[in-house]
Structure formats: C-alpha cells, structure tokens
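Descriptive structure summary
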Amino acid sequence: MTDLLPIVLFLPFAGSLVLFALRDNGRPAVVKTVGFAFSAATFLLSLLLYARFDAANTGYQFVTSIPWIPSLSVSFSVGLDGISLLLVLLTTFLTPIALLSSWNAVEKKVRQYTMMILLLETGMLGVFCAVDMFLFYVFWEAMLIPMYFIIGIWGGERRVYAAIKFFLYTMFGSLLMLVAIIALGIYASTLPGGHFTTDLSLLNAIGPQIPMTIQLWMFLAFALSFAIKVPLFPFHTWLPDAHVEAPTAGSVILAGVLLKMGTYGLVRFCVPLFPAAATLCAPYISALAVIGIVYGALVSMVQTDMKKLVAYSSVSHLGFVVLGIFAFTEAGLQGSILQMVNHGLSTGGLFLLVGMIYERRHTREIREFGGLAKVVPVLSVVLMIVTLSSIGLPGLNGFVGEFLILLGSFNSAVLNPWFAIIGATGVIFAAVYLLWMYQRVIFGSVKNEANRGLRDMSARELALMIPVLVFIVWIGVYPDTFLRLSASKTKELVTMLSHPKAALPPVSEPVGPQK
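Rules used in this analysis
- Residues numbered from 1 in each chain as written.
- Predicted model: local features only at pLDDT ≥ 70, side-chain atom pairs only at ≥ 80, totals over all residues.
- Heavy atoms only, no water.
- 1 Å grid on protein atoms, 1.4 Å probe; cavity = no way out; pocket = protein on both sides within 12 Å on 5 of 7 lines; lining within 4 Å.
- Points joined across faces, edges and corners; volume = space filled by probe spheres on them.
- Helix = DSSP H or I, 4+ residues; strand = E, 2+ residues; numbered from the N terminus.
- Nonpolar A, V, L, I, M, F, W, Y, C, P; charged D, E, K, R; others polar.
- Buried < 20%, exposed > 50% of the residue type's maximum accessible area, 1.4 Å probe, protein only.
- Pairing = 2+ DSSP bridges.
- Core = buried A, V, L, I, M, F, W, Y, C linked by side-chain atoms within 4.5 Å.
- Contact = heavy atoms within 4.5 Å.
- Expected span 1.5 Å × (residues − 1).
- Salt bridge = Lys/Arg side-chain N within 4 Å of Asp/Glu carboxyl O.
- Patch = residues over 30% accessible without salt bridge, like charges linked within 9 Å, V, L, I, M, F, W, Y side chains within 5 Å.
- Areas by Shrake-Rupley, 256 points an atom, 1.4 Å probe, with all protein chains shown as cover.
- Axes fitted to C-alpha atoms, helices over the stretch in contact; angles between N-to-C directions.
- Parallel < 35°, antiparallel > 145°, perpendicular 65-115°, else oblique.
- Left-handed = near helix turned anticlockwise from the far one by under 90°.
- Bend = angle between axes of the 7 residues up to and from the residue.
- Phe/Tyr/Trp six-rings, centres within 6.5 Å; stacked < 30°, edge-to-face > 60°.

Points about the layout of surface pockets
There is about 760 Å³ of room inside the largest pocket. Considering the residues around the largest pocket, the lining is formed by 26 residues, among which Trp 154, Gly 155, Gly 156, Tyr 358 and Arg 364 are closest to the centre. When residues of the lining of the largest pocket are traced back to their parent elements, those giving at least two are helix H10 (238–245), helix H13 (306–325) and helix H14 (330–361). Looking at side-chain class alone, the lining of the largest pocket contains nine nonpolar, six polar and eleven charged residues.

Pasting the structure below:
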C-alpha cells in the first residue's frame, strides 16, 4: 500500500462527505456510527504507519509528492519522521474517543457536528504530515474553520465570544507566519541558481545560511505564530475561554492535539530553519516558558470551575514542553516530544472525566461536589489515575516526560540551571491544585443531596477511558516504545544546533513507501 499516508490523511474527509450525502438528521444514531467508524478506521490504518516505520532513519518516510503549483515550486508533499508520527498517532487515537464521548452530549445538528470533527481531524493530520510549507499553511488555516464552528455552535453560553477570540488570535499569528514563508521563499530565489520554493527539504538546507539579521526576523515571525497556538505566556488568554465554552469533545481535541501544533511548529520549523536565531532567543523564550509554568499553576489553584482549572493547567504543562525544546539537548527534546503525547492523554482524559461529571450534574463548580467516592467509585478511581498522571507520578506517563525535560534543561549549554530549578516548582504546584481539586470533589461526606443519585460510569464511558489508561501506564512503565521513534531525529537536531551555521542534511531523498 504505497499511498498509505494520503489514505490516512483523507479518510476522515471522505467520512465527512459520506455524512454530507446521508442528509439524515432524523437518525442521529446512524450519523454517529458512520462518523465513529471512519475515525476508528483512520486510527487502525495509522497503526500500519507505526508498524512500517524505520526508527533508525532520520529522513521522511511514506513520502507522497505531487506537483501542485509548478510555477512556484509548490507541491502536495506529505511524509513522516519520528516526531510527526507520534503526533499523527495521538490525533487518530483521540478523535474516535472524542466522538464517543459526545455520543449522548450533543443532541442538535448531530450530522453537522460529526462532519466538523472529521474535517478537523483531516486538518490536524495535514499539519503534522506536510513537508511543503505552503501545504502546511493551508492545513494550518483549514483546521481553524471546523474548530470555530464546534465552539461557536455546540459550546456553552459564551460560545460565540470564545470562538471569535480563538479565531482572531490564531489568525493573527498565522498571517505573520505566512509573511515569513513568503520571505523565506523569496530569499531562496535570490541565491545563485535559486528559485522561489516552499519545499521544506530545500529550505532546511537554505535557512541556516541566512544572515543573522534576516534570520532573526523570520524566526520571530514563526515563533510568535506558534507561541500563540501553544499558548506561551503571555499569549494564553484565548485558551481558558475556548476550553470552558467548547463541548467536551472540542476541549479534548483542543488540548490533546491543537495546542501541540504550536510546539510541533517550534521543533519542525523554528529550530532547524533558523538555528542561530533560535540559539540567541532560547533564554528569552525559556524565561517565558518558566513564567508560564508557574503562572499557569498558581492561577489553576484559585479556580472554582473544574474545567477552567484543567484549562489553565495546560498553560503550565506546555511551558515544560517549550522549556525542553529550547534546552537544545537530546534529553530535553525527547522529553518535550513525549510530553506532547503525555499531555494529550492526561489532560484529554481530565476533560473527558469533567465532561462526564457535567453531564450528570450540569455544573462544574467544585463547591457543588464532595463525597463522590461513595456514589461513583469507578469514576473516582479513574479520575485518580488520570490526576496522578497529570501530576507526574513515577510509573505513569507524565513523570517520564517531565523528568527528561528537567534533566535536559539542567544540563543545557544555552540555559542557566535556574531555569530547570524554577520550572521544577511547577511539578509541586501541580500536585497542590490537582490533589486539592480531587480531595474537594471526591472525598468527604456527600453534602449536596443532588449528588446522591449520580450514576457511575457506563460501559461506553469505560470503553473510551480504558485505552487512555492503558497508554498512561504503558508510557510510564516502558516509554522506549515511543521514545525510540524520535531518538534519531532529535540526535540529528542537537548535532546541527551545536554547529548552527551548518545546514541540515537535505531530506529530498525520500525513504519508505512513496509515490
């Protein structure tokens, strides 16, 4: 199957077309089943990518390249390396879980809602698969549209405000990135024998050779765009509104996948294209990351809404990811890449569980609960495991990523050890706000009579949480299953960063199945 990657990429899109053709608003069960079937099939096919991936090879694999705009050397080029493969697997894993979580929660415009989720999946996969910068930008913008509608139509009371804020913030950053992409292509055309191009393989060789003054401006344009998406402090203000107002599935995908597009962009574009500028800016970006770690944790402590607490925790957790990236060490980069996956599992799981509690009580206020361990013991145990995962308990996934990030940051040649020391306080603060939330919601006596009749987790809810729990434990016990995929690529990046004026080896020679 030489075209496996394009099939994985466009299968959710095909599912949305099937749903569009059904035009059967009277039978939502059929719509939900079709949507879930297409998303589950996408995940199963993505497992073939994992099975056939050569972890020792640093080049792009499963490459498909088709000329798109020949006059500008723009092509439809997709491929995977160890970094993007992990995020593709995360995307295809979380999407069917998100659809399953909203099986009973979404009652209006079910067909349109399912179509938006599937279109969003194709957009997210395209961002991680694209190896042409123009194609990357197209997918980056395309995924904004379904997410805008998911928040704006199926969200909470302030959904329109949250949707517009999300769209405007991201669009502003995207325009800066577009300018930088065009500038990068034009610079390529000024070289002897050069021409305008958006081919990432060629630009990876050209970018490090750009004079420092120009390189710095290009780096800042890319970095600001990705910092807004992460979101990095102080560009985080759109995130709590979007999370709180989005439906449960929207929050899971937003936290689990969309935020990783920012950190992925930093690793994929900012660092390899502009290594000298990245090295110069590393202490300043790391300072913002550390501020975000502490700030996000402190703000989470004072939240009275469980969903908003989890939303602000993302600012803190993703600060760790950015800190690890700009440590420019193998341990830091490996930890950041793994932590992208870990955050998707743990924070996505927390949003799923908060959504389940909300479906039962129609409130997320912590003060409305207490004593749930006596009423819903299974849900309480699952929530405990996911909470401990988010804290970073040894033996669970969060510990591995945070340990590698702090180790890499402490041993970094470009960062002061105090970055790691101050960042480590975020782990302590996470234990404070998450355990305090868990204590107030789960333990104690049942003081609110409305909580006595709550039902425990259903078979459907257990079915969507068990896979999340399996990976939480799997990564915590044997992380090499996932770390080995990106090991050779991170080693190459660190080697290149130690000689910032040397270009990356061209990756125009594709490996693996290709068209």
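What about empty space enclosed by the protein?
Under the criterion given, the structure shown has four cavities of 30 Å³ or more. Computed from the structure, the largest cavity encloses a volume of approximately 60 Å³. Lining the largest cavity are Lys 32, Leu 99, Ser 102, Trp 103, Val 106, Val 110, Tyr 113 and Thr 114. Among the elements that take part in the lining of the largest cavity, helix H4 (residues 110–129) stands out by supplying three residues, more than any other. Of the residues contributing to the lining of the largest cavity, the split by class is five nonpolar, two polar and one charged.

Describing unusual backbone geometry
What is expected of a backbone is that most residues other than glycine have negative phi and most peptide bonds are trans. Omega for the bond connecting Val 230 with Pro 231 falls within 30 degrees of zero, at -5°, which places this linkage in the cis form. Considering the arrangement of structural elements, one finds Pro 231 in the loop between helix H9 (212–229) and H10. Of note, the amide linkage connecting Phe 233 to Pro 234 takes the cis form, showing an omega dihedral of 10°. The phi torsion at Phe 62 lies on the positive side, around 55°, for a residue other than glycine. Judged by its relative accessible area of 2%, Phe 62 falls in the buried class. Phi at Lys 109 is positive, roughly 45°, even though this residue is not glycine. Following the sequence through the fold, Lys 109 ends up in the loop between helix H3 (82–101) and H4.

Brief notes about the pairing of strand E1 (residues 61–69)
Pairing of E1 with strand E2 (residues 74–80) involves six bridges; the strand directions are antiparallel. The partner of Ile 66 across the bridge, within E2, is Phe 76. Between E1 and the antiparallel strand that follows it, E2, lie four residues; Ser 73 among them carries a positive phi value of about 55°.

Let's talk about the nonpolar core
If you look at soluble globular proteins, the nonpolar side chains tend to sit buried side by side. Ranked by size, the top nonpolar core spans 178 residues in total, and within it Phe 219, Phe 222, Leu 258, Phe 326 and Met 465 carry the most contacts. In terms of residue count, helix H11 (residues 248–273) provides more of this core than any other element does, 16 residues in total. Not counting residues within four places of it along the chain, the set of residues in contact with Phe 222 comprises Met 133, Met 177, Ala 180, Ile 181, Phe 269, Cys 270 and Phe 274.

Quick notes on H9
With 18 residues, H9 should cover 26 Å at 1.5 Å per step; its first-to-last C-alpha distance of 25 Å lies within 8% of that length. For H9, the full list of buried residues reads Gln 215, Met 218, Phe 219, Ala 221, Phe 222, Ala 223, Ser 225, Phe 226, Ala 227, Ile 228 and Lys 229. Buried-residue contacts for H9 involve helix H5 (133–142), helix H6 (144–154), helix H7 (159–190), H10, H11 and helix H12 (275–301).

Considerations on the pattern of salt bridges
Using the criterion set out here, one finds nine salt bridges in the structure. Taking the shortest distance from any N to any O, the salt bridge between Glu 365 and Arg 367 comes out at 3.0 Å. Residue Glu 365 is classed as buried on the basis of its relative accessible area of 19%. With relative accessibility at 65%, the residue Arg 367 sits in the exposed group. The partner of Glu 492 in a salt bridge is Lys 489, and the shortest N-O contact between them spans 3.1 Å. One end of the pair, Glu 492, and the other, Lys 489, are both in helix H20 (residues 480–497), three residues apart, so they sit about a helical turn from each other. The exposure classification of Glu 492 matches that of Lys 489, with both residues buried. One salt-bridge network, held together by shared partners, links Arg 158, Lys 165 and Asp 241.

So, a nonpolar patch on the surface
On the surface, Ile 466, Val 470, Val 473, Trp 474, Val 477 and Tyr 478 cluster together into a nonpolar patch covering about 560 Å² of accessible area. Within the secondary structure, Ile 466 sits in helix H19 (residues 459–477).

Quick word on the pairing of E2
Most of E2 is tucked away: seven of the seven residues are buried. Residues Val 74, Phe 76, Val 78 and Leu 80 line one face of E2 and the alternating positions Ser 75, Ser 77 and Gly 79 line the opposite face, and both faces are buried.

With respect to the packing of H11 against H20
Direction vectors running N to C along H11 and H20 enclose 25°, while the axes themselves pass 10 Å from each other. Comparing the axis directions of H11 and H20 gives the class roughly parallel. The hand of the H11/H20 crossing is left-handed. In this structure, H11 uses Val 267, Arg 268, Val 271 and Pro 272 to contact H20, whose residues at the interface are Lys 489, Leu 493, Met 496 and Leu 497. Grouping the constituent residues of the contact of H11 with H20 by class yields six nonpolar, no polar and two charged.

A short note on H11
When the terminal C-alpha atoms of H11 are compared, their 36 Å separation across 26 residues agrees well with the 38 Å that a helix rising 1.5 Å per residue should span. Maximal helix bending in H11 amounts to about 40°, located at Leu 254. In terms of residue burial, H11 counts as a mostly covered element, since 26 of its 26 residues are buried.

Quick look at the packing of aromatic side chains
Under the definition given, this model contains 24 aromatic pairs. Ring centres 5.6 Å apart and planes at 55° place the aromatic pair Phe 166 and Trp 238 in the tilted group. Of this pair, Phe 166 sits in helix H7 while Trp 238 sits in helix H10, and the two are 72 residues apart along the sequence. Taken individually, Phe 166 and Trp 238 each receive the classification buried, so the pair is uniform in this respect. Ring-pair connections join several aromatic residues into one group, and the members of that group are Phe 136, Trp 140, Phe 222, Phe 226, Phe 269 and Phe 274.

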